[in-house]
Amino acid sequence: KQTILGPLWYIIQPLVNTTVFTIIFGNLAKIPTDGTSPFIFYMSGTVIWGLFSTCLISNSTIFVSNANLFGKVYFPRYTVPIANTIISTFQFFIQFLLFISFYIYFFINGADFDLNIYLAILVLPLLLFQICLLGIGFGSIFSSLTTKYRDLSFVLSFGVQLWMFATPIVYPFSIIPEKYKIIASLNPMTAVVESFRYIFFGVSNIELVHIQVSVFITIIIFIYGYLLFNKVEKNFMDTI
């Protein structure tokens, strides 16, 4: 209600971001894309990052934005970040269909894609599940901390942007010097983005150890976020 384009914004956003990235990083900066067409390369990163950033941001203000509801009726509070994540997943599928449309278009026009259909069926759901866990975990941590430190919401707004450029969204993992790759893999989204591209393009320099590090950090972040969330919910009304 009371919107100009409604759900079309979910399509416009990745299109605009992909176009800007293609012009700046592909045409002007000439950053390599591992032999993949720059437009579809940047769109793959934009779409998969969009799911994580939406999950994180939507879950980062749970206590503050739902203070009135939490103060009036009791229900399991952790259902809220789960519900937010489910909504974010629906948004992702809209953008994912857009990505698949361009993927088919480029394939028909001669793009050399090496789609691994078995990985797409088996691994892609696991990647999405990991992103959701990571978004809930970090979102729960920020939501818990903002009950006491409100200005952290401002840090998050530009922190997500900085995090995106620390992730191989506008550049491939292959251009990172070998000695820094293990450091780059400490960013759990690095392996996720590269694994997503490997599924659809068949090109990636990601290794099993990087994936293992990513999964381990994701589990730690989720558990810590869950425990901190449960701790804060017991007395957050006194702080807010």
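Draft legend 1. Just the overall build of the protein chain, in detail. Looking only at helices and strands, the protein chain has 12 helices and zero strands in total. Computed over the C-alpha atoms, the radius of gyration of the protein chain is 19 Å, within 12% of the 18 Å expected from 2.2 N^0.38 for a compact globule of 240 residues. For the protein chain, the proportion of contacts with a sequence separation of at least 24, taken over those separated by at least 6, is 81%. Per element, the accessible surface of the protein chain, about 12700 Å² overall, is 70% carbon and sulfur. With 11 positive and 9 negative side-chain charges, the protein chain shows a separation of 15 Å between the mean positions of the two kinds.

Draft legend 2. Representation of the pattern of salt bridges in the model. In total, this model carries two salt bridges according to the counting rule given. Residue Glu178 is joined to Lys181 by a salt bridge in which the shortest nitrogen-to-oxygen separation is 3.4 Å. Note that Glu178 and Lys181 are positioned in helix H9 (residues 178-184) at a spacing of three residues, about one turn of the helix. Relative accessible area serves as the criterion here: at 56%, Glu178 is assigned to the exposed category. Ionic pairing is found between Glu194 and Arg197, a salt bridge with its closest N-O pair at 3.9 Å. On the criterion of helical spacing, the pair formed by Glu194 and Arg197 is a turn pair, its members being three residues apart in helix H10 (residues 188-201).

Draft legend 3. Here's a closer look at the layout of surface pockets. Considered as a void within the structure, the largest pocket measures approximately 350 Å³ in volume. What lines the largest pocket is a set of 18 residues, and nearest its centre among them are Gln13, Asn17, Trp49, Gly50 and Ser53. It is helix H2 (residues 38-59) that provides the largest number of residues to the lining of the largest pocket, a total of seven residues. Classifying every residue of the lining of the largest pocket by side-chain character gives seven nonpolar, 11 polar and no charged.

Draft legend 4. Spatial organisation of the state of the cysteines. Going through the model one piece at a time under the given rule, you end up with zero disulfides. For Cys55, which is in no disulfide, the shortest distance to another cysteine sulfur is to Cys132 and amounts to 4.7 Å.

Draft legend 5. Broad picture of helix H1 (residues 8-28). Taking 1.5 Å as the rise per residue, H1 with 21 residues should run 30 Å; its terminal C-alpha atoms sit 29 Å apart, in good agreement. Of all the bends in H1, the greatest, near 30 degrees, is centred on Thr22. Restricting attention to buried positions, one finds in H1 the residues Pro14, Thr18, Phe21, Thr22, Phe25 and Gly26. Where H1 is buried, its residues contact H2, helix H5 (79-108) and helix H8 (152-165). Positive phi shows up at Lys30, right after H1, with a value of about 60 degrees.

Draft legend 6. Expanded view of the nonpolar core. Ranked by size, the top nonpolar core spans 60 residues in total, and within it Ile48, Trp49, Phe52, Phe99, Met189, Phe196 and Phe200 carry the most contacts. Looking at this core, the elements that each hand over two or more residues are H1, H2, helix H3 (62-65), H5, helix H7 (124-146), H8, H10 and helix H11 (208-233).

Draft legend 7. Structural context of unusual backbone geometry. With phi around 60 degrees, Lys30 is a residue other than glycine that occupies positive phi space. Within the secondary structure layout, Lys30 lies in the loop between H1 and H2. Taking the relative accessible area as the measure of exposure, Lys30 reaches 60% and is therefore exposed. Positive phi is not limited to glycine here, since Asp34 has a value of about 55 degrees.

Draft legend 8. Summary view of the packing of H2 against H10. Where H2 contacts H10, the axes come no closer than 10 Å and their chain directions differ by 135 degrees. Here H2 lies oblique to H10, going by the angle between them. Viewed along their axes, H2 and H10 form a crossing whose handedness is right-handed. Two secondary-structure elements touch here, H2 through Ile40, Phe41, Ser44, Gly45, Ile48, Trp49 and Phe52 and H10 through Met189, Val192, Val193, Phe196, Arg197 and Phe201.

Draft legend 9. Structural detail: the side chain of Ser143. With respect to the helices and strands, the residue Ser143 is situated in helix H7. Owing to a relative accessible area of 0%, Ser143 belongs among the buried residues under this scheme. A polar atom in the side chain of Ser143 sits 3.1 Å from the backbone nitrogen of Ile62.

Draft legend 10. H2, seen in detail. Under the 1.5 Å per step criterion, the end-to-end length of H2 is 32 Å for 22 residues, consistent within 8% with the ideal 32 Å. The element H2 is largely enclosed, with a buried count of 18 among its 22 residues.

What counts and what doesn't
Residues numbered from 1 in each chain as written. Predicted model: local features only at pLDDT ≥ 70, side-chain atom pairs only at ≥ 80, totals over all residues. Heavy atoms only, no water. Helix = DSSP H or I, 4+ residues; strand = E, 2+ residues; numbered from the N terminus. Rg over C-alpha atoms; globule rule 2.2 N^0.38 Å. Contact = heavy atoms within 4.5 Å. Areas by Shrake-Rupley, 256 points an atom, 1.4 Å probe, with all protein chains shown as cover. Lys, Arg positive; Asp, Glu negative; His and termini not counted. Charge placed at Lys NZ, Arg CZ, Asp CG, Glu CD. Salt bridge = Lys/Arg side-chain N within 4 Å of Asp/Glu carboxyl O. Buried < 20%, exposed > 50% of the residue type's maximum accessible area, 1.4 Å probe, protein only. 1 Å grid on protein atoms, 1.4 Å probe; cavity = no way out; pocket = protein on both sides within 12 Å on 5 of 7 lines; lining within 4 Å. Points joined across faces, edges and corners; volume = space filled by probe spheres on them. Nonpolar A, V, L, I, M, F, W, Y, C, P; charged D, E, K, R; others polar. Disulfide = S-S within 2.5 Å. Expected span 1.5 Å × (residues − 1). Bend = angle between axes of the 7 residues up to and from the residue. Core = buried A, V, L, I, M, F, W, Y, C linked by side-chain atoms within 4.5 Å. Axes fitted to C-alpha atoms, helices over the stretch in contact; angles between N-to-C directions. Parallel < 35°, antiparallel > 145°, perpendicular 65-115°, else oblique. Left-handed = near helix turned anticlockwise from the far one by under 90°. Polar contact = N/O pair within 3.5 Å; in protein donor to acceptor, adjacent residues only side chain to side chain.

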